[in-house]
Each structure stands twice: as structure tokens, then as C-alpha cells.
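A look at the structure
As a plain string of letters, each chain reads:
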Amino acid sequence: MTVVSRAADAAVAVKDPAVVLRDVSMVYRVRASKGRGEKAAGKVVEVRALNPLSLVVSHGESVGIVGRNGSGKSTLTKLIAGSILPTSGEVRASSTPVLLGVNAALVPELSGRQNVVLGCLAMGLDEARINEKFDSIVNLAGLADSINLPMRTYSSGMSARLRFAIAAAVDPEILMIDEALNTGDAQFRDRTRRRMDELRRNAGCVFLISHSLGTIRQMTNRALWIDDGDLLMDGDPNEVTAAYKRFTWLLSKNRQKDAAAHRQSFLDRLQTVEIVDTSRRG
Ligand SMILES: Nc1ncnc2c1ncn2[C@@H]1O[C@H](COP(=O)(O)OP(=O)(O)OP(=O)(O)O)[C@@H](O)[C@H]1O
């Protein structure tokens, strides 16, 4: 697929993109729970999580996603991963993305070793490949000493490291990481960055959601700032994290008006992108 992304007058052709979102939006529909005297109880309430956005991500890119709680970051990654369907628009990916979240299912009662095998099987590796990859997974996770202990004895950082190491082992073309790296120590972050660079060099692409702006700056080469369902910025991680940091600082100082003006200035600056899939034309 060749995609042409048009911002204003400039047309940029992206050959063989990894992920394309065209006018994608998400509105959750939830039934409000019954509470005494509440008018909305039992009614279906709409939660607008993501306003329409278009985005093209190429192979070899590592994209950080920042934003306040509830801004729509997880919704965006779930849409890309295909675990939820958009209310409108279209999501296309060059292969099935591997979504690595803090809640990725591993079994607490089983040992780290057994969880490595289970996790790898779940991601489609056969026994021979698991044996081949086993040592590198344990080394990447830095868990050689505790790999035979039940996972319930692991700290949250140790579990997060194991989840990352398992997900990265399948050489996913598109890897999506939701917060999992924040609990890692400096050594782990170093190994993680090397592994993410390897994945990118092998023409994979990585999405990383993190509340740690340092992690975003260190680990990504493009960043998105999402706020209240709006994409506000898409660009250099240093610039994006600086703008976001200023926004949260203004909010923390109760300078709501300045924060709103700061937010609006980025919304105004963002160009509308039109995405055209030229391979679909006759
Ligand atoms: N399954 C769901 N049903 C209803 N509303 C949802 C659901 N998931 C998310 N939302 C709502 O959508 C909005 C965006 O949520 P989302 O989880 O994408 O934000 P986030 O930026 O990932 O937040 P956080 O940083 O807290 O993880 C929020 O208002 C949230 O309450």
C-alpha cells in the first residue's frame, strides 16, 4: 500500500506504511449503573474518547504517546491493535500489532519460566523457537536468579520486565507498549532501549505510552500529545514533551486560562491531514 498524506498543499508519499488511521474516532457507549435518585441510571451514556484523527506511521519509527489521564492514549493504542473497533474511520496495519499492557495476562501462581513458555505459545512461537529464545528473554528481563520462582513473588517492576521481554521476543513488526517500562530500573531501560532500537532497525515500529517524559525522550523518535480526545501535537519528542510539561505545569498552578490558551495554540497550529490510498485507485 502507498499512502499519500496531504497537509495543506504539501503531499507526502509514504511507501509501505506500518499503520494508517484515517478519520478515526471513538465514542464508548456505557450503561450508567443504577444509583439512588440518579436520573441517568440505566440510560446509555456516550463517552467521547477520541475525536477524528488521521495518522500515518512508517516502519522504523518509534512513537511516544503522552497526555493526561483519560485523554485517549489507551483508546488509540487499542484501536491500532484492533482490540476495539472505531466508531468511525478506518485503521489499517501492515501486520497484527502486539499490544503489551500492564495487564497482559501472565499467571501469578506459575513460575517465571512457565510464564515465558505460556506467553510465547500465546504469541504463536513453537517449542523449538521458545527454546531458542528462552535465554535472551530471561536476560533481557534481567531475571536469571528468579526465573524459577512463582510470579506472584515478583515486584511490579520484575513482572513488567518479563512481559516486555516476552512480547519483544517474537520480533513483532508492530509493538505497542502501554506504561510497562516505567517501573524498570536504569539497567533495564538501557537494555530495553537497545531492544527497541533493534526492532526498529529490523523495520518494525514501536508505540510507547508513558507518563514518564524522560522515557518518551529517551526511547522514541516521534511523539504525539493527546488531550481530551484531541491530537494536539505530532513531532519531535523533545518539543512535544516540553509543550506538554508546560501545560501540566500551568494546570498545577491553577492557571486554567493560560493552560487553555496554550492547548488551543497547538490545536490551531496542527494541520489537517488528508490521507489518500493511491493503491486503491484503478
Ligand atoms: N471501556 C470503556 N468504556 C467507557 N469509557 C471508556 C472505556 N475506556 C476508556 N473510556 C473513557 O475514554 C476516555 C479515554 O480513556 P483512555 O483510557 O483512552 O485514556 P488514557 O489517556 O489512556 O488514560 P490513562 O492515562 O489514565 O491511562 C476516558 O474518558 C475514559 O473514561
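Please read all numbers here as calculations on a predicted model, not as lab measurements.

1. Quick look at the sheet that holds strand 3 (residues 17-31)
If you walk across this open sheet you meet the three strands as 4-3-6, and the pairing is antiparallel. On the outer flanks of this sheet lie strand 4 (44-58) and strand 6 (88-93), each paired with one strand and no other. Averaged over all adjacent pairs, the angle separating strand axes in this sheet is 25°, with direction ignored. Here five bridges tie strand 3 to strand 6, and the two strands are oriented antiparallel to one another. Opposite Val20, over in strand 6, you have Arg92 as the bridge partner. The sheet contacts of helix 1 (residues 73-81) involve strand 3, strand 4 and strand 6, and relative to strand 3 the element is tilted by about 120°.

2. A closer look at helix 2 (residues 112-122)
Gly112, Asn115, Val116, Gly119 and Cys120 are the residues of helix 2 that are buried. Buried residues of helix 2, viewed axially, fall in a sector of 130°; they line one side. Contact partners of the buried residues in helix 2: helix 3 (127-141) and helix 4 (156-169). In the stretch just after helix 2, Gly124 is the one whose phi turns positive, near 95°.

3. Focus on a nonpolar patch on the surface
Taken together, the side chains of Val107, Val117, Leu118 and Leu121 make up a nonpolar region of the molecular surface, amounting to roughly 290 Å² of accessible area. By the secondary structure assignment, Val117 is in helix 2. Val117 gets classed as partly exposed once you look at its relative accessible area, which sits at 32%.

4. Considering the nonpolar core
Here is a general trend for soluble globular proteins: nonpolar side chains tend to be buried in one another's company. One finds Val116, Leu162 and Phe164 to be the most contacted residues of the largest nonpolar core, which totals 32 residues. Looking at this core, the elements that each hand over two or more residues are helix 2, helix 3, helix 4, strand 8 (174-178), helix 5 (186-201) and strand 9 (205-209). It is helix 4 that provides the largest number of residues to this core, a total of eight residues. Not counting chain neighbours up to four residues away, the residues in contact with Val116 comprise Phe134, Ile137, Ile147, Leu162 and Ile166. Core analysis: the second largest hydrophobic core is formed by 24 residues, Val24, Phe207, Ile226 and Leu231 among them.

5. What to know about the site of the ligand
In the vicinity of the ligand there are 13 residues, among which Asn69, Gly70, Lys73, Ser74 and Thr75 approach most closely. Take Gly72: an N or O atom from its main chain is 3.0 Å from an oxygen atom of the ligand. Between Thr75 and the ligand, the recorded distance is 2.5 Å, taken from a side-chain N or O atom to an oxygen atom. Among the elements of the structure, strand 3, strand 4 and helix 1 are those that each provide at least two residues to the shell around the ligand. Considered class by class, the residues forming the shell around the ligand number four nonpolar, seven polar and two charged.

About the criteria used
Residues numbered from 1 in each chain as written. Predicted model: local features only at pLDDT ≥ 70, side-chain atom pairs only at ≥ 80, totals over all residues. Heavy atoms only, no water. Pairing = 2+ DSSP bridges. Helix = DSSP H or I, 4+ residues; strand = E, 2+ residues; numbered from the N terminus. Axes fitted to C-alpha atoms, helices over the stretch in contact; angles between N-to-C directions. Contact = heavy atoms within 4.5 Å. Buried < 20%, exposed > 50% of the residue type's maximum accessible area, 1.4 Å probe, protein only. Arc of directions from axis to C-beta. Patch = residues over 30% accessible without salt bridge, like charges linked within 9 Å, V, L, I, M, F, W, Y side chains within 5 Å. Areas by Shrake-Rupley, 256 points an atom, 1.4 Å probe, with all protein chains shown as cover. Salt bridge = Lys/Arg side-chain N within 4 Å of Asp/Glu carboxyl O. Core = buried A, V, L, I, M, F, W, Y, C linked by side-chain atoms within 4.5 Å. Near = heavy atom within 4 Å. Polar contact = N/O pair within 3.5 Å; in protein donor to acceptor, adjacent residues only side chain to side chain. Nonpolar A, V, L, I, M, F, W, Y, C, P; charged D, E, K, R; others polar.

Geometric descriptors of this kind do not, in isolation, establish any biological role.
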